[in-house]
Amino acid sequence: MRDVMEQLVAYAEILDQAAPGLEELAATPAAPPSRPPRRFQPQAIWAVVAGAVAVLVVVGGIAALSRRTTTTTEPPVATSTAVTTLPVPEVSIELINPQAITPTTFEWEHPFAGPGGVAVVDGTFHMLSAAYGDGVATVGYASSDDGVVWAPATTRPVLDLASAPWAPLEFDTALPRSVVFDDDGVWHLFFEIAWLDKSTDQFRAGIGRATTRDPAGIWVFDSDPVLRSDSGVEWRSKRVGSPSVIFEDGEFVMGFVAYGDAGGGVGRAVSADGMNWTVDANPVLEPSSDWERGEIARVDLARFDDGYVMVFAGDTTSRRGLAVSGDGVEWFVHPENPFMTTSDLPRASVFDSEFVVNADGLVGFVENGGVRSEREVVVLQIEVDLPTLLEALGG
C-alpha cells in the first residue's frame, strides 16, 4: 500500500507542474471564433487525480487481497468430528434409587458392593454384583423387573474370582465387569484381576471369563485369561482391564482399558466365541481433555439402534465422559464432558459402573461411597437423545 501512495504523490506533482501551461493555452482564442473559448479548470485536474486515486486504491487493494488469499490457503486439516448444524443434545441426570445394592443385600459379609455386570434378558434385569473387600472377591446374583428395585436371587456367592485357575495367590483387586447372554443360551461373565508383579514392582492385570447356563448355578472358569498385556504392543504393554462386552449378530465386541508407557486408553477386540479375541491395532479412544488427567481408567460399552455409546472415566474415576460411534471404531466425545461428577451422587466418590440403554438414554448403576467406608450401588437415569447426539457429532 505504501508503493501505491508514493505513485499518487508523484502523479499529483506532475499535474501541478502542468497546470499553468494549460491555463495559458486555454486563454488563446479557439478556432473557429464562433465557438466560445474553453478555459482550463483546476477542479477538473483534481477530479482526474481523485479518479486516479480511486483506481489505484482499488487495484492495490485487489492485489493485496490476492496476495493474502494465496499465502494463507492450506489443505484442509483432517478431523474426526464432522461439521454439522444440529445442536448437541444436553445430558441430564436423575437419581432414581440411592441404595439399590448395599453390603447387606447378600447374606455373606463384605464391605463393598459394586454393580459388576448387568444384562437385560426378556425384560428382566440381571446383575452379577461385586461383593468384595478385605480379601473377599465374591460375586452375588440379583435380579429386578425394572432395574430400580433389586432382590438377591441366591443366598450364597455364585463365584469366587480368587478361584480362577490363573489368579495369583496374592492380588490387589478381582472384580466382575461385564455379563452377556448369547444366542445359544450361555451366560458369559468377564472379570478383571489385578496384582503387583514383585519381580518388576509394577501392577499387572488380566481379563478372564466364566460361563454358565444358569446364573444362579455353577459357573466354569476358563483356564487362562482371554486377554492380557502384550509387551510387543506399546499401548497395551503394561496391563489390560475393565472389560465391557456386548453380543450382537453372533459376535462378541469388547471395549477395554489398556496401559502402556503413555498411560491408559480404550482398546477394542472382537471374538466369535468369547474366548479367542482379535484386538484392533490401535486404541479407539485416548485421553484428550484436562479432566481425564492423561488416563482413561474405566469403560462401559452399550449398543443402541443407530450405533454405540461409551461411558468412560478419567484418572480419578469420579467423573464420567460420554462418547458415541456409528461403527464402534471411530468415536465422538460429547463437548460438555464430563457429564457426570460426584455432585450428581449421594456420596463423595465413584468407583465401578455399568450402563444399559433404555428409551430415555441410559440407566446407570454406579458404585458410590467412600474410599474406605461402605459402598453401595445407586441407580441413575441419564436422559440423552443418543441417535441425535450421534448425528450431531458424527454427521
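That block above? That's the structure.
Residues numbered from 1 in each chain as written. Predicted model: local features only at pLDDT ≥ 70, side-chain atom pairs only at ≥ 80, totals over all residues. Heavy atoms only, no water.

A. Region of interest: the overall build of the chain. What the chain contains, in helices and strands, is three helices and 21 strands. Buried positions account for 49% of the 395 residues belonging to the chain. Excluding contacts between residues fewer than 6 apart, the proportion of contacts in the chain whose partners are at least 24 apart in sequence is 50%. Taken as a whole, the chain presents about 19900 Å² of accessible surface, with 52% of it coming from carbon and sulfur. (Helix = DSSP H or I, 4+ residues; strand = E, 2+ residues; numbered from the N terminus. Buried < 20%, exposed > 50% of the residue type's maximum accessible area, 1.4 Å probe, protein only. Contact = heavy atoms within 4.5 Å. Areas by Shrake-Rupley, 256 points an atom, 1.4 Å probe, with all protein chains shown as cover.)

B. Region of the structure containing the nonpolar core. In this structure, Val309, Leu322, Val324, Leu362 and Val366 are the most contacted members of the largest nonpolar core, which totals 22 residues. Elements with a minimum of two residues in this core: strand 15 (298–304), strand 16 (307–313), strand 17 (320–325), strand 19 (349–358), strand 20 (361–369), strand 21 (375–383) and helix 3 (386–394). Broken down by element, the residue count for this core peaks at four residues, all from helix 3. The next biggest cluster of nonpolar side chains, apart from the first, holds 21 residues, and it includes Val139, Tyr141, Leu189 and Phe191. (Core = buried A, V, L, I, M, F, W, Y, C linked by side-chain atoms within 4.5 Å.)

C. Here's a closer look at unusual backbone geometry. Look at the link from Asn337 to Pro338: it is a cis peptide, with omega at 0 degrees. The topology assignment puts Pro338 in the loop between strand 18 (331–333) and strand 19. With phi around 50 degrees, Ser242 is a residue other than glycine that occupies positive phi space. Examined against the element boundaries, Ser242 turns out to sit in strand 11 (residues 239–248). The exposure class assigned to Ser242 is buried, which follows from its relative accessible area of 5%. The backbone of Arg293 shows a phi angle near 55 degrees, a positive value even though the residue is not glycine.

D. How the structure looks around the packing of aromatic side chains. Under the defined criterion, the tally for this structure stands at 13 aromatic pairs. Above the face of the Tyr259 ring, Arg239 is positioned so that its terminal group lies 3.9 Å from the ring centre. The ring of Tyr308 carries Arg303 above its face, with NZ or CZ at 4.3 Å from the centroid. (Phe/Tyr/Trp six-rings, centres within 6.5 Å; stacked < 30°, edge-to-face > 60°. Lys NZ or Arg CZ within 6 Å of the ring centre and 35° of its normal.)

E. Quick look at the sheet that holds strand 8 (residues 187–197). Across the sheet, which stays open at both edges, the four strands sit in the order 7-8-9-10 with antiparallel pairing between neighbours. Of all strands in the sheet, those with a lone pairing partner are strand 7 (173–181) and strand 10 (220–221), marking the two edges. With 11 bridges connecting them, strand 8 and strand 9 (residues 202–212) associate as antiparallel partners. Bridge pairing in strand 9 links Glu192 to Ile207. (Pairing = 2+ DSSP bridges.)

F. The sheet that holds strand 14 (residues 278–279), seen in detail. The strand order 11-12-13-14 describes an open sheet built from four strands, whose pairing is antiparallel. Both edges of this open sheet fall to strand 11 and strand 14, since each of them pairs with a single strand only. Pairing of strand 11 with strand 12 (residues 251–260) involves eight bridges; the strand directions are antiparallel. Paired with Val245 across the bridge in strand 12 is Met254.

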